[in-house]
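These are the residues of each chain, in order.
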Amino acid sequence: MNKLQVLRLLTQAGFFILFVLAPLFDLFRLDLNLGHFFFLGMDWTLGFQDYLAKRITAPQLGINIVVRAGLPILATIAFGVWLSWKFGRLYCGWLCPHFSVVETINLAMRRASGKHSIWDKHPLPERQPDGTITRPDARYWLLVVPLALAFAFVWAVALLTYLLPPSEIYGNLYHATLTRNQAVFLSVATTALFIEFLFARHLFCRFGCAVGYFQSLAWMGNRRALIIGFDRRRAESCASCDAACDNACPMRIKPRSIKRHMFTCTQCNRCTEACTQVQKNNPQGTLLKWVDNDCALDKSARDFGHHIDIPDHCFEPLKDKSR
Ligand code: SF4
Ligand code: SF4
(Lines give C-alpha, C1' and ligand atoms only; values in the text may rest on other atoms or scores of the structure.)
(Ligands and ions follow the chains in the order given, each with its own letter.)
Protein backbone atom coordinates (compact mmCIF):
# COMPACT_ATOMS: atom_id res chain seq x y z
CA MET A 1 0.00 0.00 0.00
CA ASN A 2 1.49 3.37 -1.01
CA LYS A 3 1.47 6.53 1.12
CA LEU A 4 -1.60 7.95 -0.58
CA GLN A 5 -3.59 4.81 0.18
CA VAL A 6 -2.42 4.85 3.81
CA LEU A 7 -3.57 8.46 4.06
CA ARG A 8 -6.91 7.56 2.46
CA LEU A 9 -7.37 4.65 4.83
CA LEU A 10 -6.79 6.97 7.78
CA THR A 11 -9.23 9.60 6.55
CA GLN A 12 -11.86 6.93 5.88
CA ALA A 13 -11.39 5.33 9.29
CA GLY A 14 -11.46 8.76 11.00
CA PHE A 15 -14.65 9.77 9.23
CA PHE A 16 -16.32 6.44 9.96
CA ILE A 17 -15.61 6.92 13.67
CA LEU A 18 -16.91 10.50 13.43
CA PHE A 19 -20.05 9.24 11.67
CA VAL A 20 -20.75 6.82 14.51
CA LEU A 21 -19.78 9.10 17.40
CA ALA A 22 -21.04 12.50 16.18
CA PRO A 23 -24.53 12.06 17.71
CA LEU A 24 -23.06 10.88 21.02
CA PHE A 25 -21.21 14.18 21.44
CA ASP A 26 -24.05 16.27 19.97
CA LEU A 27 -21.79 17.26 17.07
CA PHE A 28 -24.71 16.78 14.71
CA ARG A 29 -28.08 15.13 15.23
CA LEU A 30 -31.79 15.65 15.17
CA ASP A 31 -33.65 14.98 18.39
CA LEU A 32 -37.19 13.91 17.55
CA ASN A 33 -38.18 14.10 21.23
CA LEU A 34 -37.13 17.76 21.48
CA GLY A 35 -37.99 18.60 17.88
CA HIS A 36 -34.75 20.33 16.93
CA PHE A 37 -31.17 19.74 15.76
CA PHE A 38 -27.93 19.76 17.72
CA PHE A 39 -24.80 21.14 16.08
CA LEU A 40 -21.30 21.25 17.60
CA GLY A 41 -22.74 20.68 21.07
CA MET A 42 -25.29 23.50 20.81
CA ASP A 43 -29.06 23.48 20.39
CA TRP A 44 -29.76 24.37 16.77
CA THR A 45 -33.26 25.85 16.93
CA LEU A 46 -35.09 28.28 14.71
CA GLY A 47 -37.07 29.78 17.59
CA PHE A 48 -40.57 28.61 16.67
CA GLN A 49 -41.34 27.81 20.31
CA ASP A 50 -40.07 31.24 21.41
CA TYR A 51 -42.26 32.82 18.74
CA LEU A 52 -45.34 30.88 19.85
CA ALA A 53 -44.63 31.88 23.45
CA LYS A 54 -44.31 35.50 22.21
CA ARG A 55 -40.72 35.77 23.43
CA ILE A 56 -39.57 36.84 19.93
CA THR A 57 -41.33 38.73 17.14
CA ALA A 58 -42.12 37.54 13.59
CA PRO A 59 -39.20 39.50 12.02
CA GLN A 60 -36.83 37.96 14.59
CA LEU A 61 -38.15 34.52 13.65
CA GLY A 62 -37.58 35.37 9.96
CA ILE A 63 -33.99 36.41 10.66
CA ASN A 64 -33.45 33.18 12.59
CA ILE A 65 -34.72 31.11 9.66
CA VAL A 66 -32.41 32.88 7.21
CA VAL A 67 -29.32 32.99 9.44
CA ARG A 68 -29.62 29.63 11.19
CA ALA A 69 -31.08 27.53 8.36
CA GLY A 70 -31.03 29.20 4.94
CA LEU A 71 -27.48 30.51 4.91
CA PRO A 72 -25.74 27.43 6.43
CA ILE A 73 -27.62 25.08 4.09
CA LEU A 74 -26.84 27.23 1.04
CA ALA A 75 -23.19 27.56 2.06
CA THR A 76 -22.86 23.79 2.55
CA ILE A 77 -24.44 23.06 -0.84
CA ALA A 78 -22.28 25.70 -2.56
CA PHE A 79 -19.10 24.31 -0.98
CA GLY A 80 -20.07 20.74 -1.92
CA VAL A 81 -20.81 21.71 -5.53
CA TRP A 82 -17.54 23.63 -5.85
CA LEU A 83 -15.55 20.75 -4.32
CA SER A 84 -17.01 18.16 -6.65
CA TRP A 85 -16.85 20.47 -9.68
CA LYS A 86 -13.12 20.75 -9.09
CA PHE A 87 -12.20 17.38 -7.58
CA GLY A 88 -15.04 14.95 -8.40
CA ARG A 89 -16.36 12.44 -5.89
CA LEU A 90 -13.51 13.03 -3.46
CA TYR A 91 -15.98 12.77 -0.56
CA CYS A 92 -17.01 9.27 -1.71
CA GLY A 93 -13.51 7.87 -2.04
CA TRP A 94 -11.91 9.54 0.94
CA LEU A 95 -14.61 9.98 3.58
CA CYS A 96 -17.95 8.34 2.92
CA PRO A 97 -18.78 5.72 5.59
CA HIS A 98 -20.74 3.69 3.03
CA PHE A 99 -17.80 3.47 0.64
CA SER A 100 -15.56 2.30 3.50
CA VAL A 101 -17.96 -0.61 3.90
CA VAL A 102 -17.99 -1.23 0.13
CA GLU A 103 -14.21 -1.49 0.00
CA THR A 104 -13.87 -3.60 3.15
CA ILE A 105 -16.47 -6.12 1.99
CA ASN A 106 -14.93 -6.13 -1.52
CA LEU A 107 -11.61 -7.13 0.01
CA ALA A 108 -13.07 -9.91 2.14
CA MET A 109 -15.25 -11.15 -0.72
CA ARG A 110 -12.27 -11.23 -3.04
CA ARG A 111 -10.47 -13.45 -0.54
CA ALA A 112 -13.49 -15.74 -0.34
CA SER A 113 -14.49 -15.98 -4.00
CA GLY A 114 -11.85 -14.23 -6.09
CA LYS A 115 -14.47 -11.62 -7.08
CA HIS A 116 -15.36 -8.16 -5.80
CA SER A 117 -19.03 -8.95 -6.05
CA ILE A 118 -21.15 -12.07 -6.29
CA TRP A 119 -22.58 -10.64 -9.53
CA ASP A 120 -19.21 -10.66 -11.34
CA LYS A 121 -19.13 -13.39 -13.96
CA HIS A 122 -15.43 -14.25 -13.76
CA PRO A 123 -12.96 -14.32 -10.88
CA LEU A 124 -10.16 -11.76 -10.87
CA PRO A 125 -6.58 -12.90 -11.55
CA GLU A 126 -4.88 -14.55 -8.60
CA ARG A 127 -1.69 -12.59 -9.30
CA GLN A 128 -1.91 -9.19 -7.60
CA PRO A 129 -0.36 -6.05 -9.14
CA ASP A 130 2.60 -6.33 -6.73
CA GLY A 131 3.28 -9.87 -7.99
CA THR A 132 1.97 -11.76 -4.95
CA ILE A 133 -0.53 -14.57 -5.43
CA THR A 134 -3.84 -14.62 -3.56
CA ARG A 135 -5.94 -17.73 -4.07
CA PRO A 136 -9.66 -17.66 -3.21
CA ASP A 137 -10.42 -19.50 -0.01
CA ALA A 138 -14.07 -20.33 0.72
CA ARG A 139 -13.39 -20.22 4.45
CA TYR A 140 -13.35 -16.40 4.14
CA TRP A 141 -17.13 -16.50 3.75
CA LEU A 142 -17.09 -17.07 7.50
CA LEU A 143 -15.63 -13.56 7.67
CA VAL A 144 -17.67 -11.90 4.90
CA VAL A 145 -21.12 -12.64 6.32
CA PRO A 146 -20.48 -11.60 9.97
CA LEU A 147 -18.58 -8.55 8.71
CA ALA A 148 -21.55 -7.40 6.62
CA LEU A 149 -23.88 -8.07 9.55
CA ALA A 150 -21.66 -6.17 11.98
CA PHE A 151 -21.40 -3.18 9.63
CA ALA A 152 -25.17 -3.25 9.10
CA PHE A 153 -25.85 -3.26 12.85
CA VAL A 154 -23.36 -0.44 13.55
CA TRP A 155 -24.91 1.60 10.74
CA ALA A 156 -28.45 0.95 12.01
CA VAL A 157 -27.57 1.98 15.58
CA ALA A 158 -25.76 5.08 14.33
CA LEU A 159 -28.75 6.08 12.18
CA LEU A 160 -31.11 5.71 15.14
CA THR A 161 -28.88 7.90 17.30
CA TYR A 162 -29.17 10.63 14.65
CA LEU A 163 -32.89 10.69 15.44
CA LEU A 164 -33.20 9.85 19.15
CA PRO A 165 -30.95 10.67 22.15
CA PRO A 166 -27.83 8.47 21.86
CA SER A 167 -27.62 7.98 25.64
CA GLU A 168 -31.13 6.50 25.58
CA ILE A 169 -30.38 4.19 22.63
CA TYR A 170 -27.02 2.92 23.94
CA GLY A 171 -28.47 2.60 27.46
CA ASN A 172 -31.46 0.61 26.19
CA LEU A 173 -29.18 -1.60 24.11
CA TYR A 174 -26.89 -2.25 27.06
CA HIS A 175 -29.75 -3.14 29.40
CA ALA A 176 -31.76 -4.90 26.65
CA THR A 177 -34.68 -2.55 27.25
CA LEU A 178 -35.29 -1.16 23.75
CA THR A 179 -38.80 0.09 23.14
CA ARG A 180 -40.87 -1.77 20.55
CA ASN A 181 -40.36 0.97 17.92
CA GLN A 182 -36.62 1.11 18.56
CA ALA A 183 -36.33 -2.67 18.24
CA VAL A 184 -38.37 -2.65 15.02
CA PHE A 185 -36.23 0.15 13.56
CA LEU A 186 -32.98 -1.64 14.41
CA SER A 187 -34.20 -5.01 13.08
CA VAL A 188 -35.52 -3.62 9.80
CA ALA A 189 -32.56 -1.30 9.21
CA THR A 190 -29.99 -3.99 10.05
CA THR A 191 -31.67 -6.50 7.72
CA ALA A 192 -32.00 -4.01 4.86
CA LEU A 193 -28.41 -2.82 5.21
CA PHE A 194 -27.10 -6.38 5.52
CA ILE A 195 -28.76 -7.30 2.22
CA GLU A 196 -27.52 -4.09 0.60
CA PHE A 197 -23.95 -4.54 1.83
CA LEU A 198 -23.81 -8.14 0.60
CA PHE A 199 -25.67 -7.88 -2.70
CA ALA A 200 -26.13 -4.29 -3.86
CA ARG A 201 -23.45 -2.06 -2.37
CA HIS A 202 -21.98 -1.04 -5.76
CA LEU A 203 -25.45 -0.52 -7.17
CA PHE A 204 -26.24 1.92 -4.36
CA CYS A 205 -23.04 3.93 -4.96
CA ARG A 206 -23.64 4.01 -8.70
CA PHE A 207 -27.37 4.69 -8.89
CA GLY A 208 -28.89 5.01 -5.41
CA CYS A 209 -26.96 7.74 -3.66
CA ALA A 210 -28.07 11.32 -4.31
CA VAL A 211 -24.90 12.76 -2.71
CA GLY A 212 -22.74 10.72 -5.09
CA TYR A 213 -24.93 11.43 -8.11
CA PHE A 214 -24.85 15.21 -7.70
CA GLN A 215 -21.07 15.16 -7.12
CA SER A 216 -20.69 13.29 -10.42
CA LEU A 217 -22.97 15.74 -12.24
CA ALA A 218 -21.00 18.77 -10.99
CA TRP A 219 -17.73 17.04 -11.93
CA MET A 220 -18.91 16.27 -15.45
CA GLY A 221 -19.55 20.00 -15.93
CA ASN A 222 -15.85 20.85 -15.55
CA ARG A 223 -13.63 19.56 -18.36
CA ARG A 224 -10.51 20.53 -16.41
CA ALA A 225 -11.48 18.83 -13.15
CA LEU A 226 -9.22 16.37 -11.38
CA ILE A 227 -9.39 12.97 -13.07
CA ILE A 228 -7.44 9.74 -13.43
CA GLY A 229 -5.51 10.43 -16.63
CA PHE A 230 -4.17 7.71 -18.91
CA ASP A 231 -0.95 8.19 -20.88
CA ARG A 232 -2.37 6.66 -24.03
CA ARG A 233 0.85 7.45 -25.93
CA ARG A 234 2.38 4.50 -24.08
CA ALA A 235 -0.66 2.25 -24.29
CA GLU A 236 1.43 -0.58 -25.74
CA SER A 237 2.80 -1.10 -22.20
CA CYS A 238 -0.63 -2.43 -21.26
CA ALA A 239 -0.14 -5.41 -23.58
CA SER A 240 1.86 -7.29 -20.96
CA CYS A 241 -0.55 -6.44 -18.12
CA ASP A 242 -3.78 -8.24 -17.25
CA ALA A 243 -5.75 -5.01 -16.75
CA ALA A 244 -4.57 -4.63 -13.15
CA CYS A 245 -6.14 -1.17 -12.97
CA ASP A 246 -9.59 -2.45 -13.96
CA ASN A 247 -9.27 -5.31 -11.48
CA ALA A 248 -8.28 -2.96 -8.64
CA CYS A 249 -11.18 -0.54 -9.08
CA PRO A 250 -13.71 -0.90 -6.23
CA MET A 251 -16.37 0.75 -8.40
CA ARG A 252 -15.62 -1.67 -11.24
CA ILE A 253 -14.84 1.17 -13.65
CA LYS A 254 -12.29 0.94 -16.45
CA PRO A 255 -9.92 3.79 -15.54
CA ARG A 256 -8.44 4.02 -19.04
CA SER A 257 -11.77 4.91 -20.59
CA ILE A 258 -13.26 8.31 -21.40
CA LYS A 259 -14.66 10.58 -18.69
CA ARG A 260 -18.31 9.77 -19.42
CA HIS A 261 -17.61 6.12 -18.67
CA MET A 262 -15.96 7.12 -15.39
CA PHE A 263 -19.06 8.99 -14.16
CA THR A 264 -18.99 7.22 -10.79
CA CYS A 265 -15.22 7.39 -10.19
CA THR A 266 -14.60 8.05 -6.49
CA GLN A 267 -11.01 9.33 -6.90
CA CYS A 268 -9.77 6.51 -4.69
CA ASN A 269 -6.56 6.01 -6.69
CA ARG A 270 -6.56 2.23 -6.35
CA CYS A 271 -6.06 2.03 -10.12
CA THR A 272 -3.00 4.29 -10.11
CA GLU A 273 -1.50 2.30 -7.25
CA ALA A 274 -2.00 -0.91 -9.24
CA CYS A 275 -0.42 0.56 -12.37
CA THR A 276 2.51 1.96 -10.40
CA GLN A 277 3.16 -1.53 -9.01
CA VAL A 278 2.83 -3.19 -12.42
CA GLN A 279 5.14 -0.64 -14.04
CA LYS A 280 7.66 -0.46 -11.20
CA ASN A 281 10.50 -1.49 -13.49
CA ASN A 282 9.48 0.89 -16.24
CA PRO A 283 11.64 4.05 -16.12
CA GLN A 284 8.70 6.03 -17.49
CA GLY A 285 6.56 4.93 -14.57
CA THR A 286 2.82 4.58 -14.26
CA LEU A 287 0.45 5.14 -17.16
CA LEU A 288 -2.30 6.30 -14.82
CA LYS A 289 -2.22 9.25 -12.46
CA TRP A 290 -4.30 12.12 -11.15
CA VAL A 291 -4.27 15.00 -13.63
CA ASP A 292 -6.19 18.25 -13.97
CA ASN A 293 -6.39 21.42 -16.07
CA ASP A 294 -4.94 20.98 -19.57
CA CYS A 295 -3.90 17.39 -18.77
CA ALA A 296 -7.55 16.51 -18.05
CA LEU A 297 -8.84 17.76 -21.40
CA ASP A 298 -7.86 14.59 -23.27
CA LYS A 299 -10.41 12.46 -21.41
CA SER A 300 -13.18 15.04 -21.63
CA ALA A 301 -12.63 15.71 -25.32
CA ARG A 302 -12.97 12.01 -26.10
CA ASP A 303 -16.47 12.13 -24.62
CA PHE A 304 -17.36 14.08 -27.77
CA GLY A 305 -15.24 12.04 -30.19
CA HIS A 306 -12.37 14.58 -30.33
CA HIS A 307 -8.78 13.41 -30.02
CA ILE A 308 -6.35 15.98 -28.65
CA ASP A 309 -2.66 15.68 -27.82
CA ILE A 310 -1.67 15.07 -24.20
CA PRO A 311 0.84 17.80 -23.16
CA ASP A 312 4.31 16.35 -22.46
CA HIS A 313 4.46 17.63 -18.88
CA CYS A 314 1.39 15.63 -17.81
CA PHE A 315 3.14 12.29 -17.35
CA GLU A 316 6.70 13.25 -16.48
CA PRO A 317 7.89 10.35 -14.25
CA LEU A 318 9.70 12.57 -11.75
CA LYS A 319 6.52 14.48 -10.99
CA ASP A 320 4.59 11.29 -10.27
CA LYS A 321 3.82 11.73 -6.56
CA SER A 322 1.90 8.45 -6.33
CA ARG A 323 5.08 6.40 -6.64
S1 SF4 B 1 -11.25 4.58 -11.68
FE2 SF4 B 1 -9.53 4.54 -10.23
S3 SF4 B 1 -9.86 6.33 -8.90
FE4 SF4 B 1 -11.80 5.92 -9.98
S5 SF4 B 1 -12.96 4.59 -8.60
FE6 SF4 B 1 -11.84 3.25 -9.99
S7 SF4 B 1 -9.90 2.79 -8.92
FE8 SF4 B 1 -10.84 4.55 -7.89
S1 SF4 C 1 -2.90 1.25 -17.36
FE2 SF4 C 1 -1.37 0.20 -16.08
S3 SF4 C 1 -2.51 -1.21 -14.78
FE4 SF4 C 1 -3.89 -0.56 -16.46
S5 SF4 C 1 -3.64 -2.15 -18.03
FE6 SF4 C 1 -2.19 -0.52 -18.52
S7 SF4 C 1 -0.30 -1.14 -17.50
FE8 SF4 C 1 -1.92 -2.36 -16.59
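Rules used in this analysis
Residues numbered from 1 in each chain as written. Chains lettered and ligands numbered in written order. Predicted model: local features only at pLDDT ≥ 70, side-chain atom pairs only at ≥ 80, totals over all residues. Pairing = 2+ DSSP bridges. Helix = DSSP H or I, 4+ residues; strand = E, 2+ residues; numbered from the N terminus. Axes fitted to C-alpha atoms, helices over the stretch in contact; angles between N-to-C directions. Near = placed C-beta within 6 Å. Nonpolar A, V, L, I, M, F, W, Y, C, P; charged D, E, K, R; others polar.

**Some details on the sheet that holds strand 1 (residues 28-31)**
Stage number 1. Read from one edge to the other, the open sheet built from three strands follows the order 1-2-3, with strand pairing classed as antiparallel. Only two strands of the sheet have a single neighbouring strand rather than two, namely strand 1 and strand 3 (42-44). Each strand of the sheet is rotated relative to its neighbour by a mean of 30°, with strand direction disregarded.
Stage number 2. When strand 1 meets strand 2 (residues 36-39), the two strands line up antiparallel, connected through four bridges. Within the sheet, the bridge partner assigned to Arg29 lies in strand 2 and is Phe38.

**Some points on the site of ligand 2**
Stage number 1. Around ligand 2, 13 residues are found, and the nearest of them are Cys238, Cys241, Ala244, Cys245 and Cys275.
Stage number 2. Looking at the shell around ligand 2, the elements with two or more residues in it are helix 11 (244-248) and helix 12 (270-278).
Stage number 3. The greatest single-element share of the shell around ligand 2, amounting to three residues, is contributed by helix 12.
Stage number 4. When the residues that make up the shell around ligand 2 are grouped by side-chain class, the tally is 10 nonpolar, two polar and one charged.

**Some words on the site of ligand 1**
Stage number 1. In the vicinity of ligand 1, 14 residues are found, and the nearest of them are Cys249, Pro255, Cys265, Cys268 and Cys271.
Stage number 2. Its residues placed into classes, the shell around ligand 1 shows 10 nonpolar, three polar and one charged.

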